[in-house]
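Tertiary structure, described
Here are the chains, one letter per residue:
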Amino acid sequence: MPTYTVHQPPPRKGEATSAPERFVFVRDGFHFWAFVLAPVWLLWRRLWLAFVIYLIVSIALGLVLRLLDAGLTMQFLAGLLIALLIGFEAASIRRWKLTRRGWKMLGFVVGEDAEMAERRFFAEWSKRAVEAPVAPPAMPEPRYATPVRRGTPSPSDVIGLFPEPGGGR
């Protein structure tokens, strides 16, 4: 079953916390459409920085392969590898964007599809909100005394199995 990460947006102006309707569920795993149509998928998801990086890497790789006089098969394989990378890392790219924008990851949830994952998450989330214990009063930070040596050090102060000078076996 697919795993989803749950992301909470930063609160809007005038809100104490963000509304649960704005939470985003990002599915882990391979994204077929990101593999097949990487530039379109990146633009559709508004991943502008990732799109620019994709273009720069693709163009640079194409130029390097032409300078090396690589055949069409090698150019195709290089493009295929970039497409596979985008397909496998599509969820990570989305999470990276959300993190950059200040979204907080709340956790993971497993579900057959996005709707089931949402149901499971919100059922557990509401249950925890009801059962949340009242925070105990803040306790002062403990103060520790610095250890003080009493007297002069002696050979018997050694801890462990160290041979004494001049001692026999």
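Here we summarise the structure given alongside this text.

Scoring rules and cut-offs
Per chain, the residues get numbers from 1 upward, laid out in the order the sequence is written. This being a predicted model, a pLDDT of at least 70 is required before a residue's local features are given, and a value of 80 or more before pairs of side-chain atoms are given or counted; all residues contribute to the totals for chains, interfaces and linings. To obtain the side-chain values, all non-hydrogen atoms of the structure were included, while hydrogens and water were left out. Between the rings of Phe, Tyr and Trp (Trp by its six-membered ring), a pair exists once the centres lie within 6.5 Å; its type follows the angle of the planes, with under 30 degrees stacked, over 60 edge-to-face, and the other angles tilted. Only protein chains enter the accessibility calculation, which uses a 1.4 Å probe; a residue is then buried when its area is under 20% of its type maximum, exposed when over 50%, and partly exposed in between. Each ring is checked for a lysine NZ or an arginine CZ that lies within 6 Å of its centre and within 35 degrees of its normal; such an atom marks a charge sitting over the ring. Secondary structure follows DSSP: runs of H or I at least 4 residues long count as helices, runs of E at least 2 residues long count as strands, and numbering of each begins at the N terminus. The charged-residue count follows a simple rule in which Lys and Arg add positive charge and Asp and Glu add negative charge, with His and chain termini not counted at all. Basic side-chain nitrogens of Lys or Arg form a salt bridge, by our definition, when they fall within 4 Å of a carboxyl oxygen of Asp or Glu. Whether two residues are in contact is decided by their heavy atoms, any of which lying within 4.5 Å being enough.

Let's shift gears to the packing of aromatic side chains. Summed over the entire model, instances satisfying the criterion amount to 11 aromatic pairs. A centroid spacing of 5.2 Å and a plane angle of 70° characterise the contact between F121 and F122, whose relative ring orientation is edge-to-face. Using a relative accessible area of 11% as the deciding quantity, one classes F121 as buried. Chaining the aromatic ring pairs together yields one cluster made of F23, F25, F121, F122 and W125. For R100, the ring lying beneath its charged end belongs to W96, and the centroid distance is 4.6 Å.

In this section: the side chain of R94. Within the secondary structure, R94 sits in helix α4 (residues 72-100). Of the side chains bearing the opposite charge, D28 lies closest to the buried R94, which forms no salt bridge; the N-O distance is 9.7 Å. Discounting chain neighbours no more than four positions away, the residues touching R94 are V24, V26, W41, R45 and L47.

Once that is clear, we can look at the pattern of salt bridges. Counting across every chain of the model gives 3 salt bridges. One salt bridge in this structure joins D28 and R95, with 2.6 Å as the shortest N-O distance. You can see D28 sitting in the loop between β2 (24-27) and α1 (32-36) and its partner R95 sitting in helix α4, a full 67 residues away along the chain. Residue class for R95 comes out buried when judged on its relative accessible area of 18%. Among the salt bridges present, the one from E115 reaches R119, with a minimum N-O distance of 2.6 Å. Linking E115 with R119, this pair stays in helix α5 (residues 114-131), spanning 4 residues, or about one helical turn.

Shape is all these values report; function is a separate question.
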